[in-house]
2 protein chains.
Amino acid sequence: MSERYISPLVIRRLPKYHRCLKELSRSGVSRVSSSVLANNLGFTASQVRQDFSCFGGFGQQGYGYNVESLLAEIASIIGVDRKHTAAIIGVGHLGHALVNNFSFKTSGFELAAAFDVNPELIGTKIGDVPILDISEMEKKFDENPFDVAVLTMPRELARDMARKVAELGVRGIWNFTNVDLSATELGVEIENVHFADSLKILCYEISKEK
Amino acid sequence: MSERYISPLVIRRLPKYHRCLKELSRSGVSRVSSSVLANNLGFTASQVRQDFSCFGGFGQQGYGYNVESLLAEIASIIGVDRKHTAAIIGVGHLGHALVNNFSFKTSGFELAAAFDVNPELIGTKIGDVPILDISEMEKKFDENPFDVAVLTMPRELARDMARKVAELGVRGIWNFTNVDLSATELGVEIENVHFADSLKILCYEISKEK
């Protein structure tokens, strides 16, 4: 892949294209135009073509795009066709919800382990995922370095844990603790999940109607 | 508030300004420039000024913005200073995590009730929030219409439940079920939370380094 600059706004739209194309593929659609894609996603067709031009354009517009090959190209750009590993730190309700119901595989990850302090959980499994003692984290990372740490433990512990997993060599943190973590400070990629941002958008939408 | 069109991109940045200003306020900062705001948020200063100009500009740039009044103005635009009500549908792990750890209040909502089918949960409370029998939903909505339904039940049930709460008069749906719901189809505002989109961004960031 070329190393030229691609705007974060374009990058943030890639998962939406990926999701939409997966649905089209599942529905048996074989070709799709930029305007149909745009319509499904709430973008404009010229936005879609502009976004795709950042990656070379993905083939002939006049006939629409081939759904399977476009899906494969976008999957490859995102990197979901590689096999990264992830470990969840904190198996409370949110951790449980993610282990039980979230498909890490669809996003390019194998969820390889979960860590907690609760002696009732340690040594058990949820599905295929072993719950390990957090005090053995360093040892486990040594044996088997994880690419990403998913932080779902109490927010008071978030900063220290983020520093620790960064030192242990993760390349990214998926952060649910609602503490803003800084990628430049930690030297790893960070994706902060802020539920509140999403609810505030909804708040705006229902408030403006009043 | 004026009814003129404001881009969804601007609107999606409002919660980030709100969060940043709350942090500045908490730290005792009284004035802030557009460039400091921009720096904290990873935007450019001209982006910040352009966004604010959509809402009339918020006062004198030369001296920076007054943090408290800017916070109040943005809170009022988002509508977090009003008191909307929300009900959670589905008290599994994710529902539990939201009831226990998420501050609805900070986003302008009172979480008034939770609904589930589990007889062991029905009649109990989590904190102040009563868990009610889902079969009594219509009655409860009649007595006390909720503004927003938070969908955290299994995805197979999502479409039917979305239609039901829309009929019962909610004005918005905060959707965690990973089923894409359409606002135009349902006639209510929808905010879909897609964990996978966020993880795919992280996947992209760590993949491109390789």
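Residues numbered from 1 in each chain as written. Chains lettered and ligands numbered in written order. Predicted model: local features only at pLDDT ≥ 70, side-chain atom pairs only at ≥ 80, totals over all residues. Heavy atoms only, no water.

Draft legend 1. Quick peek at the pairing of strand 6 (residues 129-133) of chain A. Residues and elements named next belong to chain A. Looking at chain direction, strand 4 (residues 109-116) and strand 6 are connected through three bridges and run parallel. Directly across from Phe 115, in strand 6, lies its bridge partner Leu 132. Note: strand 5 (residues 125-126) against strand 6, two bridges, orientation antiparallel. Note that in strand 6 the partner of Lys 125 across the bridge is Pro 130. The loop that links strand 5 with its antiparallel partner strand 6 comprises two residues; one of these, Gly 127, has a positive phi angle of about 60 degrees. (Pairing = 2+ DSSP bridges. Helix = DSSP H or I, 4+ residues; strand = E, 2+ residues; numbered from the N terminus.)

Draft legend 2. Unusual backbone geometry, seen in detail. Phi is positive for Asn178(A), close to 70 degrees, though the residue is something other than glycine. Inspection of the secondary structure assignment puts Asn178(A) in the loop between strand 8 (172-175) and helix 8 (183-186).

Draft legend 3. Up close: the relation of the copies chain A and chain B. Under the fitted operation, chain A is carried onto chain B by 0.0 Å of movement along the axis and a turn of 180 degrees, and the coordinates agree to an RMSD of 0.0 Å. Viewed as a symmetry operation, the transformation between the two copies matches a two-fold axis. Closest approach to the rotation axis among the C-alpha atoms of chain A is made by His93(A), whose C-alpha sits 2.4 Å away. Take the interface residues of chain A: 100% of them recur as interface residues in chain B, which is what a same-surface contact looks like. (Least-squares fit on C-alpha atoms with pLDDT ≥ 70 in both. Contact = heavy atoms within 4.5 Å.)

Draft legend 4. Summary view of the sheet that holds strand 8 of chain A. Residue and element names in this part refer to chain A. Spatial strand order, 5-6-4-3-7-8-9: seven strands in an open sheet with mixed pairing. Because the sheet does not close on itself, it has two edges, and the strands there are strand 5 and strand 9 (189-192). Both strand 7 (residues 148-151) and strand 8 contribute to a ladder of four bridges, which runs parallel. Residue pairing across strands places Leu 151 opposite Asn 175, the latter belonging to strand 8. This element, helix 7 (residues 158-167), spans strand 3 (84-89), strand 7 and strand 8 of the sheet and lies at about 170 degrees to strand 7. (Axes fitted to C-alpha atoms, helices over the stretch in contact; angles between N-to-C directions.)

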